[in-house]
Amino acid sequence: MSHSNGSILNFSPILHERSAEYYWKGTGGLSIKTFRGGRALYQAGHGHFAVGEDRYLLLNQGQEYSITIESEKPVESFCVFFPEGMVQEVRRSSMLTVEELLVEPFYPVLREIDFVVKTYETSPELSQVMRQMRMDSLHKVQESTRVEEQLQALAYGLLLEHQQVKREIAKLHSIKSSTRQELYRRVHVGYEYLCAYFNQSISISEAAEAACLSTNHFLRSFKQLFGFTPHQLLKEKRLQEAGKLLQRTELPVTEICLEVGFQSLGSFSSLFTQRFGVSPSVYRGKCKR
């Protein structure tokens, strides 16, 4: 498994494998991590990140991290690594005028972009490119020019996401820009911690500690940034996961209730009915038709 970085001509930018049990620790390049049929748990810096089917994890160049996969069935990983300098060059080309690019077509690239390390919802544009790259990989299509075009498209998509993050950071209450950025990063560490361990007995204080924030500061900033509370996040994550298990497995409702982190079957059934409009058993029956 290669985690090196460099020219697209001398390293493979795609890692596509299946594994039920896997562990790796080290330093990697700027990369997008995606998974199907299960999830992987990453630790990077102080953060814990669970990466499943609906989101991707973005790691920076030179980031130290570990990945753990522990699953009853193989999990498909599809990760894309960017050659050093590519995203900066795409950024430079998008910032300069045509005249400037004609005068200085090969001007040194801008400094390294410090992306916020977190999981991101996959945009339609990124999803389309990633889906095509995955299909190419499955069918052993290995055309360097095609891959380079795809990487360029992904790089531009990441820059658009980076701009959106900047707009979200600007909403936080702070005079200094650097303070807003640091608070944004820390709150997201807490958010990711809650998402990673949503099915366990977890407290808001634990998430706040992971974020290196006081509990009250974490709560206030969390609500300001996301528009909902940590408790509401946990409840929604647990109910969504319960819905998936009801659709995809034959596990008893009581077992699903405990599996996703609820401790009371009555409370789970009531909350599920409020959320989806039908009881868990009726929901399962509709999904099986």
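Refer to the structure printed above.
For clarity, every value in this text was computed on a predicted model and none was experimentally measured.

Scoring rules and cut-offs
- Residues numbered from 1 in each chain as written.
- Predicted model: local features only at pLDDT ≥ 70, side-chain atom pairs only at ≥ 80, totals over all residues.
- Heavy atoms only, no water.
- Helix = DSSP H or I, 4+ residues; strand = E, 2+ residues; numbered from the N terminus.
- Rg over C-alpha atoms; globule rule 2.2 N^0.38 Å.
- Buried < 20%, exposed > 50% of the residue type's maximum accessible area, 1.4 Å probe, protein only.
- Contact = heavy atoms within 4.5 Å.
- Phe/Tyr/Trp six-rings, centres within 6.5 Å; stacked < 30°, edge-to-face > 60°.
- Lys NZ or Arg CZ within 6 Å of the ring centre and 35° of its normal.
- Pairing = 2+ DSSP bridges.
- Core = buried A, V, L, I, M, F, W, Y, C linked by side-chain atoms within 4.5 Å.

A.B. asks: Whenever I open this one, the overall build of the protein chain confuses me. Can you help?
C.D. replies: The helix and strand tally for the protein chain stands at 11 helices and 7 strands. Over its C-alpha trace the protein chain gives a radius of gyration of 21 Å, about what one expects of a compact globule, namely 19 Å for 289 residues. In terms of principal-axis extent, the alpha carbons of the protein chain reach across some 70 × 50 × 35 Å. For the protein chain, the proportion of its 289 residues judged to be buried stands at 43%. A separation of at least 24 residues holds for 70% of the contacts in the protein chain among residues at least 6 apart in sequence.

A.B. asks: Sorry if this is basic, but what is going on with the packing of aromatic side chains here?
C.D. replies: What characterises a pair of aromatic rings is the spacing of the ring centres plus the angle enclosed by the ring planes. Applying the stated criterion across every chain, the model contains 16 aromatic pairs. Between F222 and F228, the ring centres sit 6.0 Å apart and the planes meet at 70°, which makes this aromatic pair edge-to-face. Look at F222 and you get buried, because its relative accessible area is 0%. Each ring, one from F272 and one from Y283, has its centre 5.2 Å from the other, and the planes form 85°; the classification is edge-to-face. In this pair, F272 sits in helix α10 (residues 265-276) while Y283 sits in helix α11 (residues 280-288), placing the two residues 11 residues apart along the sequence. Of the residues examined, F272 reaches a relative accessible area of 0% and is grouped as buried. Positioned above the aromatic ring of F198 is the side chain of K237, whose terminal nitrogen or guanidinium carbon lies 5.4 Å from the ring centre.

A.B. asks: What am I meant to see in the pairing of strand β3 (residues 40-44) here?
C.D. replies: Remember that side chains alternate between the two faces of the sheet whenever the strand is regular. Residue alternation in β3 divides its side chains into a buried set, A40, Y42 and A44, and an unburied set, L41 and Q43. One ladder, built from 5 bridges, connects β3 with strand β4 (residues 47-51); its direction is antiparallel. Its bridge partner being in β4, A40 is matched across the sheet by V51. Hairpin connection from β3 to β4: 2 residues lie between these consecutive antiparallel strands, with G45 at a positive phi of about 65°.

A.B. asks: I would appreciate a short explanation of the side chain of S77 in the present structure.
C.D. replies: Take S77: it is sitting in strand β6 (residues 63-81). You can call S77 buried: its relative accessible area is 8%. With residues up to four places along the chain from it excluded, the contact list for S77 reads L15, H16, E17, T34 and F35.

A.B. asks: Sorry, what's going on with the pairing of strand β2 (residues 31-36) here?
C.D. replies: The buried fraction of β2 amounts to 5 of the 6 residues, a majority that puts the element mostly inside the structure. The sheet contact formed by β2 and strand β5 (residues 55-59) spans 3 bridges and is antiparallel. Within β5, the position partnered with K33 by the bridge is L57. The sheet contact formed by β2 and β6 spans 6 bridges and is antiparallel.

A.B. asks: Got a minute to help me understand the nonpolar core in this structure?
C.D. replies: Among soluble globular proteins, nonpolar side chains are generally buried collectively. Ranked by internal contacts, the top residues of the largest apolar core, which has 49 residues, are F82 and L154. Listed in part, the 18 residues of the second largest apolar core include L15, W24, F49 and Y65.

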